[in-house]
Amino acid sequence: MTDEGEKKLVGIVLVSHSAAVADSVAEMAKGLSGGGSAPVRAAGGTADGGFGTSPELIAEAAHAVDRGAGVAVLVDLGSAVLAVKALLAEGDELPEGTRLVDAPLVEGAVAALVTASTGADVDGVLQAASEAYDYRKV
Amino acid sequence: MSSSEPAVDDTLDTPFFLRWLTAAATSVSREATRLTDLDSAIGDADHGTNMQRGFAAVAEALEKEPPGSPGATLILAGRQLISKVGGASGPLYGTLLRRAGKALGDAEQITPQQLADALRAGVDAVAQLGGAAPGDKTMLDALLPAVEALGGATGSFAAAGEAAEKGALATVPMLARKGRASYLGERSVGHQDPGATSSALLIAALAEAAR
């Protein structure tokens, strides 16, 4: 973890029913994390550009951000959750150390990216992202 | 139980499973409009088209690379459904078939009882994945009675089909507690669940394959 050489960073995947939402949240998380160095990819909408989720796009994104330290997947609604859980259950569809994060998509994405960019391990990233639930707005 | 129904000691081979899934694809395609109509009442009006696309991919994949065992047939079909359906029914039906396929292992022939046990394992995996229970107005309300009927002492595919159909009809007065329909609350009452309806088609196709 504390190697001076190439850091093994946790990758982040953002899954939304909308490609525009996933893309924008990725951009925003990058912007708010000071252009953090952890890799992040959006996997929004279906393969043909509609609203929905695509296990193929999700798996592709997860492999694209995999740096060997695990991948944290943040999701929005219903079928996004089921799609990731089903891929995880397959065993060999997602990079080793891929985890579904229990966190709100937008707030969790910022926390996850900031934390991953510090070189934290996947447990640290998951914890930081899920703590977004503790911040009550009212 | 008709005389053409497989007896308990009959065996089911790979062609039987190919017939089952092909029959399911035909039936889903024939009923796609009805499934989408049901889904437009309490969901996002895509269940018919999603299922049609998924099962068309299943039929195509099975034809292109015919699997060598019942288990491999179900696993291949499940994989197609997970990647092609889009929407919650893909992961759910994909998990159902994959888990059942894994339970069958690589045996070339299996008994109806083994199929009943494998489907039970698949249905349990679906329940776990979706976090749903009987009475939540989901596909489980058709699948659970079907595996009960199939695994029972006088189990037959026809009995399983009837139980699934009855289970699907029984979702009409239920209050949806899972998925998009659950956002509708009381307004979900009075509509048949599209997932339970497509599940009944899948189970009915078993009896067709046995004929």
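Residues numbered from 1 in each chain as written. Chains lettered and ligands numbered in written order. Predicted model: local features only at pLDDT ≥ 70, side-chain atom pairs only at ≥ 80, totals over all residues. Heavy atoms only, no water.

Is there a simple way to think about the overall build of chain B in this case?
Assigned secondary structure in chain B consists of nine helices and two strands. Moving toward the C terminus, one meets the helices and strands of chain B in the order β-α-α-α-α-α-β-α-α-α-α. Counting only C-alpha atoms and orienting by the principal axes, one finds that chain B spans roughly 45 × 35 × 30 Å. Across the 211 residues of chain B, 55% fall into the buried class. Accessible surface for chain B amounts to roughly 8,700 Å². Of this, 52% is attributable to carbon and sulfur atoms. Distance between charge centres in chain B, computed from 18 positive and 24 negative side chains, equals 7 Å. (Helix = DSSP H or I, 4+ residues; strand = E, 2+ residues; numbered from the N terminus. Buried < 20%, exposed > 50% of the residue type's maximum accessible area, 1.4 Å probe, protein only. Areas by Shrake-Rupley, 256 points an atom, 1.4 Å probe, with all protein chains shown as cover. Lys, Arg positive; Asp, Glu negative; His and termini not counted. Charge placed at Lys NZ, Arg CZ, Asp CG, Glu CD.)

Please explain the packing of helix α5 (residues 89-104) of chain B against helix α6 (residues 112-130) of chain B as it appears in this structure.
The description of two helices packed together rests on the angle between their axes and the distance between the axes. All names here are of chain B. With their axes 7 Å apart at the nearest point, α5 and α6 run at an angle of 140° to one another. Viewed along their axes, α5 and α6 adopt a mutual orientation that is oblique. In this structure, α5 meets α6 at a crossing whose hand is right-handed. Where α5 approaches α6, its residues Pro91, Leu92, Thr95, Leu96, Arg99, Ala100, Ala103 and Leu104 are matched on the opposing element by Gln114, Ala118, Leu119, Ala121, Gly122, Val123, Ala125, Val126, Leu129 and Gly130. Tallied by class, the residues present in the contact of α5 with α6 amount to 13 nonpolar, four polar and one charged. (Axes fitted to C-alpha atoms, helices over the stretch in contact; angles between N-to-C directions. Parallel < 35°, antiparallel > 145°, perpendicular 65-115°, else oblique. Left-handed = near helix turned anticlockwise from the far one by under 90°. Contact = heavy atoms within 4.5 Å. Nonpolar A, V, L, I, M, F, W, Y, C, P; charged D, E, K, R; others polar.)

Please explain the packing of aromatic side chains as it appears in this structure.
Two numbers describe a pair of aromatic rings. These are the distance of the centres and the angle of the planes. All names here are of chain B. In total, this model carries three aromatic pairs over all chains according to the counting rule given. A ring pair is formed by Phe16 and Phe17, whose centres lie 5.4 Å apart and whose planes are at 80°; its orientation type is edge-to-face. For the pair formed by Phe16 and Phe17, the shared burial category is buried. Look at Phe16 and Phe157: their rings are 5.6 Å apart centre to centre, the planes differ by 25°, and that puts the pair in the stacked class. Placement of Phe16 in helix α1 (residues 14-30) and of Phe157 in helix α8 (residues 157-169) is noted, with a sequence separation of 141 residues between them. Considered together, Phe16 and Phe157 belong to a single accessibility category, that of buried residues. Grouped by ring-pair contacts, the aromatic residues Phe16, Phe17, Trp20 and Phe157 constitute a single cluster. (Phe/Tyr/Trp six-rings, centres within 6.5 Å; stacked < 30°, edge-to-face > 60°.)

Would you mind going over the interface of chain A and chain B with me for this structure?
A common way to state how big an interface is: give the accessible area lost once the parts meet. Taken together, the twelve residues of chain A in the interface contact 16 residues of chain B. Carbon and sulfur atoms make up 57% of the area that chain A and chain B hide from each other, which totals about 1,100 Å². At the junction of chain A with chain B, the criterion picks out four salt bridges. A salt bridge links B:Arg79 to A:Glu90, with the shortest nitrogen-to-oxygen separation between them at 4.0 Å. (Buried area = accessible area lost by both parts, 1.4 Å probe. Salt bridge = Lys/Arg side-chain N within 4 Å of Asp/Glu carboxyl O.)

Help me out: how do you make sense of the sheet that holds strand β2 (residues 40-44) of chain A in this one?
Residue and element names in this part refer to chain A. Pairing in this open sheet of four strands is parallel, and the strands run β2-β1-β3-β4 from one edge to the other. Across the chains shown, the open sheet's two edge strands, defined by having one partner strand only, are β2 and β4 (98-100). Across the sheet, the mean angle separating the axes of adjacent strands is 20° when strand polarity is ignored. Relative to β2, strand β1 (residues 11-16) runs parallel, the two being bridged by five bridges. The residue of β2 that forms the bridge with Ser16 is Gly44. Sitting on the sheet, helix α2 (residues 55-65) is in contact with β1, β2 and β3 (71-75), with an inclination near 175° to β2. (Pairing = 2+ DSSP bridges.)

Just checking my understanding: could you explain the nonpolar core for this structure?
Inside soluble globular proteins, nonpolar side chains tend to come together where they are buried. Judged by nonpolar contacts, the single largest core of 60 residues is most densely connected at B:Phe16, B:Phe17, B:Trp20, B:Leu115 and B:Phe157. Looking at this core element by element, the count peaks at ten residues for helix α9 (residues 194-210) of chain B. For B:Leu115, the residues in contact, after removing those within four places along its chain, are B:Leu12, B:Phe16, B:Phe17, B:Ile110, B:Phe157 and B:Leu206. A:Ala26, A:Val40, A:Ala69 and A:Leu74 belong to the second largest nonpolar core, which has 24 residues in total. (Core = buried A, V, L, I, M, F, W, Y, C linked by side-chain atoms within 4.5 Å.)

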